Amino acid sequence: MSIEKDSICCPSCGKKGTWTPENKDKPFCSARCKLIDLGEWASEQHRIPGPPVELDDSDSDDDAGNEKR
Ligand SMILES: [Zn+2]
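Keep in mind the model is a prediction, meaning the values are calculated, not measured.

Analysis parameters
Residues numbered from 1 in each chain as written. Predicted model: local features only at pLDDT ≥ 70, side-chain atom pairs only at ≥ 80, totals over all residues. Helix = DSSP H or I, 4+ residues; strand = E, 2+ residues; numbered from the N terminus. Buried ≥ 20, exposed ≤ 12 C-beta atoms within 10 Å, placed from the backbone. Contact = placed C-beta atoms within 7 Å.

Q: Which residues make up the overall build of the protein, and what values go with them?
A: Across its full length, the protein carries one helix and two strands. Counting from the amino terminus, the protein carries its helices and strands in the arrangement β-β-α. With 69 residues in all, the protein has 6% of them scored as buried. Residue pairs in contact within the protein that sit at least 24 positions apart in sequence constitute 9% of those at least 6 positions apart.

Have a look at this one:
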């Protein structure tokens, strides 16, 4: 009987690793690589072209002009 481990290449750093049931970060070699990859993926997703967000800059805090006695 031999323990079979699927050897993998980490998509993030390309390091060779092994897939084990305990590896919750697969297919990445480590949680760090997973975060890196997820971060890159997220940044890509955030670059979706869309309508420009118009910030409501009507900060009418200037309404206190009649406060001088
Ligand atoms: Zn890695």
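The discussion continues.
Q: With reference to specific residues and values, describe unusual backbone geometry.
A: The step from Lys26 to Pro27 runs through a cis peptide bond, and the omega angle for that step is 5°. Tracing the backbone through its elements, the reader meets Pro27 in the loop between strand 2 (16-19) and helix 1 (31-45).

Q: Give a description of the environment of Phe28 that names residues and reports values.
A: Residue position: Phe28 is located in the loop between strand 2 and helix 1. Distance in space between the C-alpha atoms of Phe28 and Lys15 is 8.8 Å, their sequence separation being 13 residues. In contact with Phe28, other than residues within four places in its own chain, are Cys10, Pro11, Ser12, Cys33, Lys34 and Asp37.

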